[in-house]
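Coordinate inspection notes
Chain by chain, the residues:
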Amino acid sequence: MIICNVEYLQIVILFFMIKINKICIIISFVCIGCLQMGAKEYEHTVQGYVVDNMTGIGMDSTHVTLMKSDSTVIASSMTIPKIDDQLVGMYRFQIQKVGKYIIKAERKGYDDGYMDFELRSNRETFISVKTIRMTRVSLLPPAIVKATKVKMVMNGDTIVYNADAFNLAEGSMLDALVSRLPGAQLTKNGEIFVNSKKIESLLINGRDFFSGNPKVALQNLPAYTVSKIKVYDEAGVASRIMQRDMGDKRYVMDVNLKKEYSNTYIGNAEAGGGTDERYLARAFGMKMSDNEWVMGSGSINNLNDNQKIGYDYGNNGFGWTPQETIDGRMINREAVFSYTRFFDRQNKLGGDITLNHTNGNNESRMNTQTYLPESDSFLKQHSHSTPKSTLLKSYLYHNFEKDRAFNQSDFSLQYIRNNNFSHSEQTTSDSISVLNEMLTRGSYENQRIVANGSISGGTKIIVDMLRWDLSANYNRYSIDQFLLSDIQYTNGQTPCDFRNTYLDNSHQQWNIKASTKYDIYWPGWIIAPEYEYNYRYNKSSNMLYRLEKLAGRDSTIWDILPSTREALVDVLDCQNSYDFHEYQNHHRFSVRVMSEPQMANRNYRGIFQRWSLLLPLRIAHNNIFYNRLGRHDVRRNAVFFEPNVYATGFFSGLKWTLEGRMWSDIPDMTMLISYRDDTNPLNIRFGNPDLRNQHNYSTSLYLSRSLSSYQQSYWLRFDYNQQDNAVAYANEFDKNTGTNTIRPISVNGNWNSSASLGYSRALDKATKFTIDNQLRYKYYHSIDMASVSGMASTMRSIVNNHLLSENLKLNFRLNNNYEFTLHGGGTYYLVVSHRKGFESINACDYQVGFNTTLKLPANFQFTSNLTMHARRGYQQSEMNTTDWVLNAQLTCSFLKGKLLAKLRGYDILQQLSNTHYVMNAQGRTESWHNGIPRYMMLSLSWRFNVTKKQK
């Protein structure tokens, strides 16, 4: 036996020696090839741009010289003239040898410009030189030119908006200006979209403002300070260091301030009061210089930060519909402070702190119809709550960037506290009669601490780059909830269910992620192997106590705990109490293959400009140790292949982008536990150990074209999303008691697709008339499971939801004093299903409106918007409504515009409705919420600007 083992060992050793020799031979050939490549001279393309330092626009016909490091002239050329808007100001040279070089730019009336660069390896076939910014030294006498202000121009792939070409209500902030930009959409949450693409960061003069949080700048920066707004793809830090596209671009909106506001102290304040006890007070101040920014703001109001006069807010970009207004009545108090120190354009250190407190008073009524076989169920609910919320958030960051390395680090800490008192009443019924009635009263307190930290960096190694990233997240929260509920069943057989419960919930979560990536550059290619490790830990305790079972105590005392811990333990609801520990370990191995971008070339007509393919393999290990009426341990391991493909290029003058990705998930581990939970006796929930892993597929195609003539911009977008093994909640409805039994199951067949088209352009050469249009179609194929007690099996519910929306805006700007906008649009809903008893929905919401901005004598200005919102085709007659919403504002300025008086009216006709509608595969819901009533308000605002004296 020993002899056999020795012989086997010898064979294994010999096998590995042969393999090692083969590997050594392959490595030798690779090394020889690299040496030969290093010895051979190749053509290397050098490319860059020359721009005006003040305007940032490319300079055509500028003389450019290529020199060695000792100033020996190698070649000279001229930048591309204005015959090509995309490439104006660009130059290109060819070099052969590794070494250091100098680019010199010369033009009459400008100081000479210089830029150094270095070719470090023959593998570097393309070098992008940093932009040369030339400063004008001789100015021609100013010429008086009277011309129409152009709202939008194209400079290459950059959209440039002229802020002075928009007539805004006096005292408007940046959000009013952004909402009026052609092709732009501003949601009530502060998200910005331009030509359907989301803005990832808002910049001020090319620099991140307040940690990239756009709402602070949108709501506080005065619109009158803005000169231009640029929208473009900004190169990331890796691209800047490597001087080539590393795939880290972000879509940004860069707000350029007027020169007199770029190195100054600016501020504004406003206070006002109105009918129905409405009020507001706010103040904002900011110091801006080349070396530091200091900003502070504070505000208090009970206006819900709602619609503002003359703004084109909304997800559709044409104004909020009544369904998009903020629910309830809210008092908001906020204070913000931010400081940033700039060491140069890319190196900075800063931080900010935010304190926010809100008080709410919310009332709602909700009618829900749940689709079921044979007959549907109906739920009516009326509730009232008084929530309170406090947020304290701090954020610190440091960015370091040099020619060959970068490091970025940040840390944030949040404390959140929420309180709420509520009471509600609801009834459940079928199509014939009421099945149950429930009354509830409760109090809720939640405290949360969230800490986030990350550090990332990279270093350039000849023509390659090594990058790494480390991040950690800690989240801890606790919930204390008292709930008193009384359920009365109307069948005369089921006894009433009275409960007085106390919930003690605590949760802790750690999420640690580390990754490293090496970008290998080979002529025409970038190959980037990467490894990522992700560790997650969840710990949760959910203890439910039945206080009505306390001996010798009034069962209706609902918000006071017993004096001893032992008495509380005696009434623990074991079936609905649990705790668990969850561990997740994920390893991700990936390789990204990315083509080198085709050089910007007037003669390049290829369809593909660049493409990339990501091939990741993720190994997931999830474990949960769960206690509920005994120990339940679940382990699930999986290997996921999650490829991602990206390609972009040009076709017949259109820029196109194609993306596709696939990703997978293990279901929430707590759903894989076999349990029964009747914390809410009307909604009994079960777990399901048989849930399958989910797989998601997503593809999108985006086409766009922009032309400076007539300020034209067109875009077209297609999207498709599919989910396999989606988690659906099978609902079994008891027609005797009105109780729902809910169990998660895995279903296939859920998918959706959409197509959208948008364009904006001027209709005349003077650009007085402009049109902005957006057309969208969405289709949802939704699958759910439903049944009625007594049925042999659960029925598959398939609902097809079609949405067609159109929004059109026609703007006429006569001059700086008068502007009018006519807008209209709507959404058509078609919801159909072959399920027995399903009644198709064929309805539409539409609106037509007219906005005006008029400058009147004696420094007065009048602004108004009148919109009709209508709903038609709904089965319930009360849903078919017509609402006329009129908002108006009259202003008068004093002291050369520094003092402004405003008289504003909100919902003057008192017809604004806060009714919401939701339809999906499970059913449809109509809900009403209280909101801000009609009011008139008079306010005074003051602004100042102090320009620093030049030393």
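Residues numbered from 1 in each chain as written. Predicted model: local features only at pLDDT ≥ 70, side-chain atom pairs only at ≥ 80, totals over all residues. Heavy atoms only, no water.

This brings us to the overall build of the protein. Counting its secondary structure elements, the protein contains 5 helices and 51 strands. Across the 951 residues of the protein, 46% fall into the buried class. Here the contacts in the protein between residues at least 6 apart in sequence split such that 67% fall between residues at least 24 apart. Of the roughly 46,500 Å² of accessible surface on the protein, a fraction of 57% belongs to carbon and sulfur atoms. (Helix = DSSP H or I, 4+ residues; strand = E, 2+ residues; numbered from the N terminus. Buried < 20%, exposed > 50% of the residue type's maximum accessible area, 1.4 Å probe, protein only. Contact = heavy atoms within 4.5 Å. Areas by Shrake-Rupley, 256 points an atom, 1.4 Å probe, with all protein chains shown as cover.)

In terms of nonpolar packing, the biggest core is built from 42 residues, with Leu174, Leu177, Ile192, Val194, Phe209, Ile229 and Met253 touching the most fellow members. If one sorts the elements of this core by residue count, strand β17 (residues 250-257) sits on top with 4 residues. With residues near it in sequence (within four places) discarded, leucine 174 still touches Leu202, Ala217, Leu218, Leu221, Pro222, Ala223, Val226, Ile229 and Val255. In terms of nonpolar packing, the next biggest core, distinct from the first, is built from 19 residues, Val46, Tyr101, Met115 and Val129 among them. (Core = buried A, V, L, I, M, F, W, Y, C linked by side-chain atoms within 4.5 Å.)

Put simply, the protein has an average pLDDT of 85, and 88% of its residues get 70 or more. Per-residue pLDDT stays below 50 along residues 140-147; that stretch engages in 0 contacts with residues further than four places along the chain or on separate chains. Low pLDDT (under 50) marks residues 313-320, which in the prediction has 39 contacts with non-local residues, meaning those over four places away or in another chain. (pLDDT = per-residue confidence, 0-100.)

It is worth spelling out the sheet that holds strand β13 (residues 197-198) at this point. Read across the open sheet, the 3 strands follow the order β11-β12-β13; overall the sheet is antiparallel. Lying at the two open borders of the sheet, with one neighbouring strand each, are β11 (184-186) and β13. Across 2 bridges, strand β12 (residues 192-194) lies against β13 in antiparallel orientation. When the sheet's bridge partners are listed, phenylalanine 193 is paired in β13 with lysine 198. (Pairing = 2+ DSSP bridges.)

Right, let's get into the environment of asparagine 361. Along the chain, asparagine 361 turns up in strand β22 (residues 348-370). On the basis of relative accessibility, which here comes to 36%, the residue asparagine 361 falls in the partly exposed class. Sequence separation of asparagine 361 and histidine 384 is 23 residues, and the distance between their C-alpha atoms is 7.7 Å.

Before going further, it helps to spend a moment on the sheet that holds strand β10 (residues 158-162). Ordered by their spatial adjacency, 6 strands build an open sheet running β9-β10-β16-β17-β14-β15, and the pairing between neighbours is mixed. Two strands close off the open sheet at either side, each with one partner strand: β9 (152-155) and β15 (207-208). When strand β14 (residues 201-204) meets β15, the two strands line up antiparallel, connected through 2 bridges. The residue of β15 that forms the bridge with leucine 203 is aspartate 208.

By the element assignment, glutamate 270 lies in strand β18 (residues 264-274). Within polar-contact distance, the side chain of glutamate 270 engages the side chain of serine 939 at 2.9 Å. Sequence-distant contacts of glutamate 270, that is, excluding residues within four places in its chain, are made with Leu280, Ala281, Arg282, Lys902, Arg904, Ser939, Leu940 and Ser941. (Polar contact = N/O pair within 3.5 Å; in protein donor to acceptor, adjacent residues only side chain to side chain.)

Once that is clear, we can look at the packing of aromatic side chains. Two measures describe an aromatic ring pair: the distance that separates the ring centres and the angle between the ring planes. Under the definition given, this model contains 23 aromatic pairs. Between tyrosine 224 and tyrosine 261, the ring centres sit 5.6 Å apart and the planes meet at 70°, which makes this aromatic pair edge-to-face. Residue tyrosine 224 is located in the loop between α3 (214-220) and β16 (226-234), and its partner tyrosine 261 is located in the loop between β17 and β18; the two are separated by 37 residues in the primary sequence. With a relative accessible area of 12%, tyrosine 261 lands in the buried category. (Phe/Tyr/Trp six-rings, centres within 6.5 Å; stacked < 30°, edge-to-face > 60°.)

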